[in-house]
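# Reading the structure
One-letter residues, chain by chain:
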Amino acid sequence: MNILYVGSTGTSGYAIATKNSIFNLLMNGFNVTFYPIQVDNSSQQYDIISTEIEKCIYKKYDFYDKLIVELVPQELIITKINELFKSCNNTNCKKIIKTVWETTNISPIWLPILNNQIVDEIWVPSKFNKIAFENSGVTKPILIDKYVSFNYFTNISKQEIEVPNKIGRAHV
């Protein structure tokens, strides 16, 4: 599957989430082209993940199955989706807004963007966000992103340990 991924760069929470999301997709075998958007004056923090993400800026595919935009919902998103949808070369390309919010309600100015007819799905990182977005009036399908928690440290074996108060078990 080929994915055109639009997101911010730098050190903001959204930029870090974008970097980790793209890396997760790569580790799960997806082909990713990254379309970076500079939203502030911070510079990219370079590490092994950033190096892999940077390679995705130059990778191009003949068509894309998904167009994922991970930014704060604002009018720019709809403009970018309209502009980049042409690059998908696939009329069945799913157009996805991936976003997050920390409170029980989202801003009402987000609703026309999230419910825009060009958007196919909204991806959020948690059930809490899914409920908050639904309760705030989002009518598009809202999915919990299953690639949010890829284990970077697969070479470290997990051991089950007993938690001292016997409430449950923990994995380390």
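Presented here is a report on the structure given in the accompanying data block.

So, how was this worked out
- Residues numbered from 1 in each chain as written.
- Predicted model: local features only at pLDDT ≥ 70, side-chain atom pairs only at ≥ 80, totals over all residues.
- Heavy atoms only, no water.
- Axes fitted to C-alpha atoms, helices over the stretch in contact; angles between N-to-C directions.
- Helix = DSSP H or I, 4+ residues; strand = E, 2+ residues; numbered from the N terminus.
- Parallel < 35°, antiparallel > 145°, perpendicular 65-115°, else oblique.
- Contact = heavy atoms within 4.5 Å.
- Nonpolar A, V, L, I, M, F, W, Y, C, P; charged D, E, K, R; others polar.
- Pairing = 2+ DSSP bridges.
- Buried < 20%, exposed > 50% of the residue type's maximum accessible area, 1.4 Å probe, protein only.
- Core = buried A, V, L, I, M, F, W, Y, C linked by side-chain atoms within 4.5 Å.
- Phe/Tyr/Trp six-rings, centres within 6.5 Å; stacked < 30°, edge-to-face > 60°.
- Lys NZ or Arg CZ within 6 Å of the ring centre and 35° of its normal.
- Polar contact = N/O pair within 3.5 Å; in protein donor to acceptor, adjacent residues only side chain to side chain.

### A few points about the packing of helix 1 (residues 13-27) against helix 2 (residues 48-58)
Packed helix pairs are characterised by how far apart their axes lie and by the angle those axes make with each other. Relative orientation of the contacting elements helix 1 and helix 2 amounts to 80 degrees, with a least axis distance of 10 Å. Classified by the interaxial angle, the pair formed by helix 1 and helix 2 is roughly perpendicular. When helix 1 is examined against helix 2, the residues Lys19, Asn20, Ile22, Phe23 and Leu26 are found in contact with a partner set consisting of Ile49, Ser50, Glu52, Ile53 and Cys56. Among the residues forming the contact of helix 1 with helix 2, the class breakdown is 6 nonpolar, 2 polar and 2 charged.

### Some points on the sheet that holds strand 6 (residues 142-144)
Within the open sheet, the 6 strands sit side by side as 2-1-3-4-5-6. Their pairing is parallel. Strands with a single pairing partner mark the edges of an open sheet, and in this sheet they are strand 2 (31-38) and strand 6. Sheet twist, expressed as the mean angle between neighbouring strand axes with direction ignored, is 25 degrees. Alignment of strand 1 (residues 2-9) against strand 2, held across 8 bridges, turns out to be parallel. Each bridged residue has a counterpart across the sheet, and for Asn2 the counterpart in strand 2 is Asn31. Strands strand 1, strand 2, strand 3 (66-70) and strand 4 (94-98) of the sheet are contacted by helix 1, whose axis makes an angle of about 160 degrees with strand 1.

### Describing unusual backbone geometry
Positive phi is not limited to glycine here, since Asn89 has a value of about 50 degrees. As for its position among the elements, Asn89 is in the loop between helix 3 (75-85) and strand 4. Judged by its relative accessible area of 55%, Asn89 is exposed.

### Overview of the nonpolar core
In terms of nonpolar packing, the biggest core is built from 27 residues, with Leu67, Ile81, Ile97, Leu114, Ile122 and Phe133 touching the most fellow members. If you list the elements that add at least two residues to this core, you get strand 1, strand 3, helix 3, helix 4 (111-114), strand 5 (121-124) and helix 5 (127-135). Examining the composition of this core, we find that 4 residues originate from one element, helix 3, more than from any other. Excluding residues that lie within four positions of it along the chain, Leu67 makes contacts with Leu4, Val6, Ile81, Leu84, Phe85, Cys88, Cys93, Lys94, Lys95 and Ile96.

### Observations concerning the packing of aromatic side chains
Counted according to the given criterion, the structure contains 3 aromatic pairs. Measuring from ring centre to ring centre gives 4.9 Å for Trp101 and Trp110, while their planes differ by 70 degrees; the resulting arrangement is edge-to-face. By relative accessible area, Trp101 is classed as partly exposed at 30%. The class of Trp110 is buried, set by a relative accessible area of 4%. Through successive ring pairs, a cluster of aromatic residues spans Trp101, Trp110 and Phe133. When the ring centre of Phe85 is taken as origin, the NZ or CZ atom of Lys95, which lies over that ring, is 4.4 Å away.

### Side note on the environment of Asn2
Along the chain, the position of Asn2 falls in strand 1. Overall, the relative accessible area of 9% leaves Asn2 in the buried class. The contact partners of Asn2, leaving out residues within four places of it in the chain, are Asn31, Tyr61, Phe63, Tyr64, Asp65 and Lys66. Among the polar contacts made by the side chain of Asn2, one reaches the side chain of Asn31 at a distance of 2.9 Å.

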